[in-house]
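# An overview of the molecular structure
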Amino acid sequence: MPKPTKMIIDTDPGVDDAMAILYAAHDPAIELLGLTTVFGNVPVQKATRNALRLCDLAGLDIPVAEGAARPSVVAPLDPAEAARIHGAEGFGPVPPQTPQRTPTPEDAADFMASMARRYRGEVTLCAIGPITNVAEALRRHPDFAANIAKIVFMGGAAQVPGNVTPYAEANTYQDPHALAEVLASGIPTLMVGLDVTMQTTGSRADFAALAKRHPDHCGFLQRPSDEYIGIYEERGLPGCGLHDPAAVIACVAPDLFNTSKIPLSVVLKGPEIGRTLPGVGATTAVCAGVDAQQLEERFFSMFG
Ligand code: RIB
Ligand code: CA
């Protein structure tokens, strides 16, 4: 067994974030160093509460560091928009629960930088919300870009439409300037965008069977997933996109993806703001294809 990948997950939990974090807690290929939280699916205070709650559920005794409450430049999205998909509290109809622990005194950007410094060249940063905290770490810590091993982010849409506007995917739409800074940083970066995450799905039956097999950790997922999947079913889709789980899995099973290194930039104004545009900008690895069946199998079988 190769050494597990040291990982920090930057997250806005969020239903598919919960799937991704519970998965990461079970994958022996991942050594989860901590979670950092960001605004997005819910305000950052709720994201922190939800991240701590997920740690309680998964028995993860790891730091949770709170990060940005708003985007770098653009105005925040109307919270009601995200609540329509993830629920006002972030886990669909599931009422908020007070977590057992509290966040670290360090904020997200400082936590990322100190972990990258401590494990120089070893840490993979998996960003599955707006990438604001990573841009802040770059601004605040000149050594961060050299210390972090790689960034894998769920976001963008290279050859397919967006999911917030016809052009922009939600995470990139919520902080396009932050993504532009990260792409320009020179850090080895992999984009796991809608091009592949919309091919990886989970149905109501999948999550019901998972909850039945593992009620302790996955029973929690069933109700939030049901509501979340309902939104996809309304669009005639068989299940929800496994957006954030796909990004976490891409960190440890890259062979499930076809990637190409292309110039990539982010549109920063106008009607196409937040669009990830191939052909211009810094060279970035972009996932163009995925073995969806293998990825779904890895995800749903990981919980034991
Ligand atoms: O577009 C999907 C992304 O936006 C996922 O990370 C989801 O959790 C939301 O943050
Ligand atoms: Ca997310």
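Our structure's up above, just so we're on the same page.
The sections below set out a description of the structure shown in this document. (Residues numbered from 1 in each chain as written. Chains lettered and ligands numbered in written order. Predicted model: local features only at pLDDT ≥ 70, side-chain atom pairs only at ≥ 80, totals over all residues. Heavy atoms only, no water.)

## Observations concerning the packing of helix α5 (residues 132–140) against helix α8 (residues 176–183)
Selection rule: Between N-to-C directions, angles cover 0 to 180 degrees, with each direction set by a line fitted to C-alpha atoms, over the stretch in contact for helices. Strands here are runs of E lasting at least two residues and helices are runs of H or I lasting at least four, both read from the DSSP assignment and numbered beginning at the N terminus. Note on terminology: angles under 35 degrees are roughly parallel, angles over 145 are roughly antiparallel, angles of 65 to 115 are roughly perpendicular, and the others are oblique. Less than a right angle of anticlockwise turn of the near helix away from the far helix marks a crossing as left-handed, whereas a clockwise turn marks it as right-handed. By definition in these notes, contact holds between two residues if any of their heavy atoms fall within 4.5 Å. Gly counts as polar in this scheme, as do all residues outside two lists: the nonpolar Ala, Val, Leu, Ile, Met, Phe, Trp, Tyr, Cys and Pro, and the charged Asp, Glu, Lys and Arg.
Contact geometry for α5 and α8: axes closest at 8 Å, N-to-C directions at 50°. Between α5 and α8, the crossing angle belongs to the class labelled oblique. The hand of the α5/α8 crossing is left-handed. Every residue of α8 that contacts α5 at Thr132, Val134, Ala135, Leu138 and Arg139 is listed here: Ala178, Glu181 and Val182. Class assignment for the residues of the contact of α5 with α8 results in five nonpolar, one polar and two charged.

## Some details on the sheet that holds strand β9 (residues 257–266)
Note the following rule: Strand pairing is assigned whenever DSSP identifies at least 2 bridges connecting the two strands.
One open sheet holds the nine strands; their spatial order is β3-β2-β1-β4-β5-β6-β11-β9-β10, and the pairing between them is mixed. The strands lining the two open edges of the sheet, one partner per strand, are β3 (64–66) and β10 (276–278). Neighbouring strand axes in the sheet, compared pairwise and without regard to direction, differ in orientation by 30° on average. Relative to strand β6 (residues 189–192), strand β5 (residues 150–154) runs parallel, the two being bridged by four bridges.

## Comments concerning the site of ligand 1
Our working rule: Think of it this way: one heavy atom of a residue within 4 Å of a molecule or strand is enough to make that residue near it. Here a polar contact is taken to be a pair of N or O atoms separated by no more than 3.5 Å, where protein atoms must pair a possible hydrogen donor with a possible acceptor and residues adjacent in sequence count only if both atoms sit in side chains. A 1.4 Å probe and the Shrake-Rupley method give the accessible areas. Residues count as covered only by the protein chains that appear here.
By nearness alone, 13 residues border ligand 1, and Asp16, Asp17, Asn163, Glu169 and Asp244 come closest of all. Interatomic distance of 2.6 Å between a side-chain N/O atom of Glu169 and an oxygen atom of ligand 1. Starting from 280 Å² of accessible surface for ligand 1 in isolation, the protein chains cover 95%. Mapped onto the shell around ligand 1, the elements with two or more residues apiece are α1 (15–26), α7 (170–174) and α12 (243–252). Class assignment of the residues belonging to the shell around ligand 1 gives a composition of three nonpolar, five polar and five charged.

## A few points about the state of the cysteines
Applicable threshold: Note on terminology: pairs of cysteine sulfur atoms within 2.5 Å are recorded as disulfides. When accessible area is computed with a 1.4 Å probe and restricted to protein chains, residues below 20% of their type maximum are described as buried, those above 50% as exposed, and intermediate ones as partly exposed.
In the structure shown here, the tally under the stated rule is zero disulfides. Sulfur of Cys126: no disulfide; nearest cysteine sulfur belongs to Cys251 and is 3.8 Å away. For Cys126, a relative accessible area of 0% gives the class buried.

## Concerning the coordination of the calcium ion (ligand 2)
Under the convention used in this document: Each metal's donors comprise the N, O and S atoms found within 2.8 Å of it (within 3.2 Å for Na, K or Ca). Water is not part of the atom list, so some coordination spheres may appear incomplete.
Binding of the calcium ion (ligand 2) to the protein goes through Asp12 (OD), Asp17 (OD), Asp17 (OD), Ile128 (O) and Asp244 (OD), at separations of 2.2 to 2.6 Å. Within one chain, the residues serving as donors to the calcium ion (ligand 2) are arranged as D-x4-D-x110-I-x115-D. On the criterion of sequence distance, the pair formed by Ile128 in the loop between β4 (123–127) and α5 and Asp244 in helix α12 is long-range, its members being 116 residues apart. The exposure class of Ile128 is buried, given its relative accessible area of 1%. A residue is classified by how much of its surface remains accessible, and Asp244, at 2% relative accessible area, is buried.

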